[in-house]
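So the chains spell out like this:
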Amino acid sequence: MISIAIRLRNYLYDKNLLKSCKFDVFTISVGNIALGGRGKTSLSSYLAKELEDFRPCILLRGYRAKLKGPTLVKKGGSWQDFGDEAFMLAQKHSCVIIGKKRCQSAKLAISMGAKVLILDDGFQHRAIARDLDLVLIKSQDLKDRLFPFGRLREPPESLMRASAILISYSELEESEGRFELYKKPVFYPRRVNFRLIDSLSGEVLNLPLKGEFYAFSALGDNIQFFQTLEKLGIKLLSKIGLRDHYSYKNFSLPGNGPWITTHKDIIKLKPREGLFWLDYDLEVPGLKEWIVSKILT
């Protein structure tokens, strides 16, 4: 039944029987076909940085945000007001807007001068038209099943409506997926320039560090975070994986430290000695040039 409902909904949008709002600005959707953990937010941030000459604005739903949209996310606010991912993005980008109704968020962004809209987690949100659909996947997604029997939000055949396929965490493992079957451009995002940030002083520390650490995170894919730390040569005393968007209410740090977590998690915690978070840069060879060529066409 789930599969039939998904296919029917997509068919209605494909045939324009369900209408999408469309705006006279270039619109890019960043999404996936699985349940979280594919690096959508990092890619949205990368695009906002690389396309800053086009005055981009990132639009998110604002998961569990106290404030209702459309609302401009303020850097000096709180993560509870805007949602963790939106608040994290606002630390780096000037135009981040939350709201369940993306069409209303788009109108606000355009009124503020945005010339490019970036829809974070927008592949399934077809109520707003887009010029490009960038879809992040891992090779295992091609063999998975639809939720609740697997972790897919849509069947792999949905990749046919993607503009390009991006392989998540390509620096961790070589992809074995047969992506050429979909006849789409394929790009390989890689996280580079890893460093640890001291939560208390803001000092940037080079890797690897001596000693053993407690690692914890609340992501869509905690395993990739732990794998990354180990690949960086960081010795771990324990690995604590929490559910995505965990609030850290009444959470106690394990042991006596030191501890390592992520940017998405650190914004919910009080700075303290021995608490670090992992930062990095994202590079996606060829993607910016490909997108700019589409914008200027």
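Residues numbered from 1 in each chain as written. Predicted model: local features only at pLDDT ≥ 70, side-chain atom pairs only at ≥ 80, totals over all residues. Heavy atoms only, no water.

**What to know about the overall build of the protein chain**
This is how it is decided: In this description a helix means any DSSP run of H or I spanning at least four residues, a strand means any run of E spanning at least two, and both kinds are numbered starting from the N terminus. As defined in this context, the radius of gyration uses C-alpha atoms, and a globule is described by 2.2 Å times the residue total to the power 0.38. Relative accessibility decides the category of a residue: with a 1.4 Å probe and only protein chains considered, values under 20% of the type maximum give buried, values over 50% give exposed, and everything between is partly exposed.
From N to C terminus, the protein chain includes eight helices and 14 strands. The C-alpha atoms of the protein chain give a radius of gyration of 19 Å, which matches the 19 Å a tight globule of 297 residues would have. Dimensions of the protein chain, computed from C-alpha atoms along their principal axes, come out at roughly 60 × 40 × 40 Å. Evaluated residue by residue, the protein chain yields a buried proportion of 52% over its 297 residues.

**Examining the pairing of strand β14 (residues 275-283)**
What counts here: Two strands are counted as paired when DSSP detects at least two bridges linking them.
Of the strand pairs in this sheet, strand β9 (residues 190-198) and β14 are connected by seven bridges, and their pairing is antiparallel. Counted as the bridge partner of R195 is D279 from β14. Note: strand β13 (residues 259-262) against β14, four bridges, orientation parallel. Bridge pairing links T262 to L278 in β14.

**Notes on the pattern of salt bridges**
Stated precisely, the cut-off is as follows: Counted as salt bridges are all cases of a side-chain nitrogen of Lys or Arg within 4 Å of a carboxyl oxygen of Asp or Glu.
Under the criterion given, the structure shown has 15 salt bridges. A salt bridge links D141 to R38, with the shortest nitrogen-to-oxygen separation between them at 2.7 Å. Remark: R38 occurs in the loop between β1 (26-32) and α2 (40-50) and D141 occurs in the loop between β6 (132-137) and β7 (164-167); sequence separation between them is 103 residues. For the pair D141 and R38, a shared accessibility class is recorded, and that class is buried. With a closest N to O distance of 2.7 Å, E230 and K239 form a salt bridge. We classify E230 as partly exposed; its relative accessible area is 40%. In the salt-bridge network here, residues are joined through shared partners; they are E85, D244 and K264.

**Quick word on the pairing of β7**
The alternating pattern of β7 places A164 and L166 and I165 and I167 on opposite faces, both of which are buried. The pairing of β6 with β7 spans four bridges and is parallel. Paired with I137 across the bridge in β7 is I167.

**A closer look at the packing of aromatic side chains**
This is how the line gets drawn: Any two of the Phe, Tyr and Trp rings considered here, Trp counted by its six-membered ring, make a pair once their centres fall within 6.5 Å; the pair's planes then place it as stacked at under 30 degrees, edge-to-face at over 60, or tilted in between.
Under the definition given, this model contains nine aromatic pairs. A centroid spacing of 5.9 Å and a plane angle of 65 degrees characterise the contact between F216 and Y248, whose relative ring orientation is edge-to-face. Taken together, the residues span a long stretch of sequence, with F216 in strand β11 (residues 212-217) and Y248 in the loop between β12 (235-241) and β13 at a distance of 32 residues. The same class applies to F216 as to Y248, namely buried.

**Remarks on the sheet that holds β6**
Ordered by their spatial adjacency, eight strands build an open sheet running β3-β4-β2-β5-β1-β6-β7-β8, and the pairing between neighbours is mixed. What marks the edges here is a single partner per strand, and that holds for β3 (71-72) and β8 (186-187). Relative to strand β5 (residues 116-120), strand β2 (residues 56-60) runs parallel, the two sharing four bridges. Along β5, the bridge assignment pairs L59 with L119.

**Observations concerning the side chain of E154**
Note the following rule: Throughout this description, a polar contact denotes any pair of N or O atoms lying within 3.5 Å of each other; where both atoms belong to protein, one of them has to be capable of donating a hydrogen while the other can accept it, and for residues adjacent in sequence the pair is counted only when both atoms sit in side chains.
By secondary structure assignment, the location of E154 is in the loop between β6 and β7. In terms of polar contacts, E154 uses its side chain to reach the side chain of Q124, at 2.8 Å. Of the polar contacts made by the side chain of E154, one reaches the side chain of R161; its length is 2.8 Å.

**Structural notes on unusual backbone geometry**
The omega torsion across G69 and P70 is 0 degrees, close enough to zero to call that bond cis. Here P70 is to be found in the loop between β2 and β3. With omega at 0 degrees, the peptide bond leading from G257 into P258 counts as cis. Turning to its location among the elements, P258 is positioned in the loop between β12 and β13. Here the phi dihedral of D121 falls at roughly 60 degrees; this positive angle occurs in a residue that is not glycine. Mapping D121 onto the fold places it in the loop between β5 and β6. Relative accessible area serves as the criterion here: at 25%, D121 is assigned to the partly exposed category.

**Remarks on the state of the cysteines**
Convention followed: We call a pair of cysteine sulfur atoms a disulfide when they lie within 2.5 Å.
Going through the model one piece at a time under the given rule, you end up with two disulfides. Shown here is the disulfide that connects C21 with C103, its sulfur atoms set 1.7 Å apart. Across the S-S bond of C21 and C103 the torsion is about -85 degrees, and the bridge reads as left-handed. Residue C21 is found in the loop between α1 (2-14) and β1, and its partner C103 is found in helix α5 (residues 102-111); the two are separated by 82 residues along the sequence. Paired by a disulfide, C57 and C95 hold their sulfur atoms 2.2 Å apart.

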